[in-house]
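# Residue-level structure breakdown
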Amino acid sequence: MRIKEKIEQLKKEKNAIILAHYYQQPDIQEIADFVGDSLGLSQEAAKTDADIIVFAGVHFMAETAKILNPEKIVVLPDLEAGCSLADSCPAETFEEFVKANPDHTVITYINCSAEVKALTDIVCTSSNALKIVESIPEDKPIIFAPDKNLGKYIMKKTGRNMLLWDGSCVVHEAFSIDKLLELYKKHPDSIIIAHPESEEHILNIATYIGSTSGMINYVKNHPKGKFIVATESGILHKMQQEAPETELIPAPAIEDNTCACSECSFMKVNTLQKLYDCLLNESPQIKISEAIREKALIPIQRMLDLSK
Ligand code: 13P
Ligand code: SF4
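This write-up is about the structure you can find in this document. (Residues numbered from 1 in each chain as written. Chains lettered and ligands numbered in written order. Predicted model: local features only at pLDDT ≥ 70, side-chain atom pairs only at ≥ 80, totals over all residues. Heavy atoms only, no water.)

## Some thoughts on the overall build of the protein chain
- Regarding its fold elements, the protein chain presents 15 helices and 12 strands.
- Relative to the 2.2 N^0.38 estimate, which gives 19 Å for 308 residues, the radius of gyration of the protein chain is 19 Å and therefore close to what a compact globule would have.
- With the C-alpha coordinates aligned to their principal axes, the bounding extent of the protein chain is approximately 55 × 55 × 35 Å.
- Across the 308 residues of the protein chain, 57% fall into the buried class.
- Pairs at least 24 apart in sequence give 63% of the contacts found in the protein chain among residues at least 6 apart.
- Taken as a whole, the protein chain presents about 13,300 Å² of accessible surface, with 50% of it coming from carbon and sulfur.
- If the 32 positive side-chain charges of the protein chain are averaged to one point and the 45 negative ones to another, these points end up 3 Å apart. (Helix = DSSP H or I, 4+ residues; strand = E, 2+ residues; numbered from the N terminus. Rg over C-alpha atoms; globule rule 2.2 N^0.38 Å. Buried < 20%, exposed > 50% of the residue type's maximum accessible area, 1.4 Å probe, protein only. Contact = heavy atoms within 4.5 Å. Areas by Shrake-Rupley, 256 points an atom, 1.4 Å probe, with all protein chains shown as cover. Lys, Arg positive; Asp, Glu negative; His and termini not counted. Charge placed at Lys NZ, Arg CZ, Asp CG, Glu CD.)

Given below as structure tokens:
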């Protein structure tokens, strides 16, 4: 039996669901029950009645699913699937930062650990960051962590000052503005679209800025367009499927002279074989202490309630 069939069979036997992020390899996206952005994946995790959640994404995403589903088994194909942005915000240092600014509302981007979420008032994703920030009374100072690029972008959109944590994503900071402008010169009829984790100089020249699902929807609404896409290149698979007549060009990265794409090495450690193994063995599982889980659930639930 082929591995895809074996996964399908096991999934039925064990009443499991496979949730995958848009940055996963195409063969994983193809076998998933749901493919989405961080918000969509959390919403899906919150409503599933499966007994096992196989999370084809990175650790903080699977951890969020576990926070929402303490009674379910949540497995990640490879525990090494981390996130540079989450790593840029260690909980102990963040706790000191929060304590040093006690009157602030703490908003954290979902790309952070359960321990950091436990220190948070409300979580956000790139889909709803604007709405979440706008939901906080204007006279209330805000700490925004860990992504300084998303934070700066939201500050610009809202005209609101926020205290930013100095974190970033290695993948989105690797885009080269010079190479991007060169590429645009060769394709003057293209539209630049970017994820808000990208640096300000990239966002300044983008026509559309949004989450991965926002970017896919934008492209779908321009079915004959040509796009330069500034986010992780895994998104191109779903984007092309959803808008087959568009021309999609990955934005070029700084160190990258051989390939014009930008890949998240964390997302790409998951493979179909590892996905099968983790479902079969029900391991590696995501484990969180109940004390942290209870605290981390509150800001996630606030986000979900505000995103209905
Ligand atoms: P989205 O929520 O937009 O899918 O972003 C997740 C992510 O990790 C981007 O790098
Ligand atoms: Fe984290 Fe960046 Fe990879 Fe997204 S692309 S999972 S933010 S390292």
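Anyway, onward from the coordinates.
## So, empty space enclosed by the protein
- In the structure shown here, the tally under the stated rule is 2 cavities of 30 Å³ or more.
- When its volume is computed, the largest cavity comes out at roughly 220 Å³.
- Residue lining of the largest cavity: 24 residues in total, with Tyr23, Phe60, Asn111, Glu197 and Met267 positioned closest to the centre.
- Among the residues forming the lining of the largest cavity, the class breakdown is 13 nonpolar, 9 polar and 2 charged.
- Here the second largest cavity defines a volume of roughly 40 Å³. (1 Å grid on protein atoms, 1.4 Å probe; cavity = no way out; pocket = protein on both sides within 12 Å on 5 of 7 lines; lining within 4 Å. Points joined across faces, edges and corners; volume = space filled by probe spheres on them. Nonpolar A, V, L, I, M, F, W, Y, C, P; charged D, E, K, R; others polar.)

## Considerations on the nonpolar core
- With 93 residues, the main nonpolar core has Ile107, Val229, Ile235 and Met239 as its most contacted residues.
- A per-element tally of this core places helix H4 (residues 59–68) first, with 6 residues.
- Leave out the neighbours within four places in its chain, and Ile235 touches Tyr22, Tyr23, Thr212, Met215, Ile216 and Val229.
- Counting residues in each nonpolar core, the second largest holds 11 residues, with Phe97, Ile143, Ala145 and Trp165 among its members. (Core = buried A, V, L, I, M, F, W, Y, C linked by side-chain atoms within 4.5 Å.)

Fair warning: the whole summary comes from geometry, so function is off the table for now.
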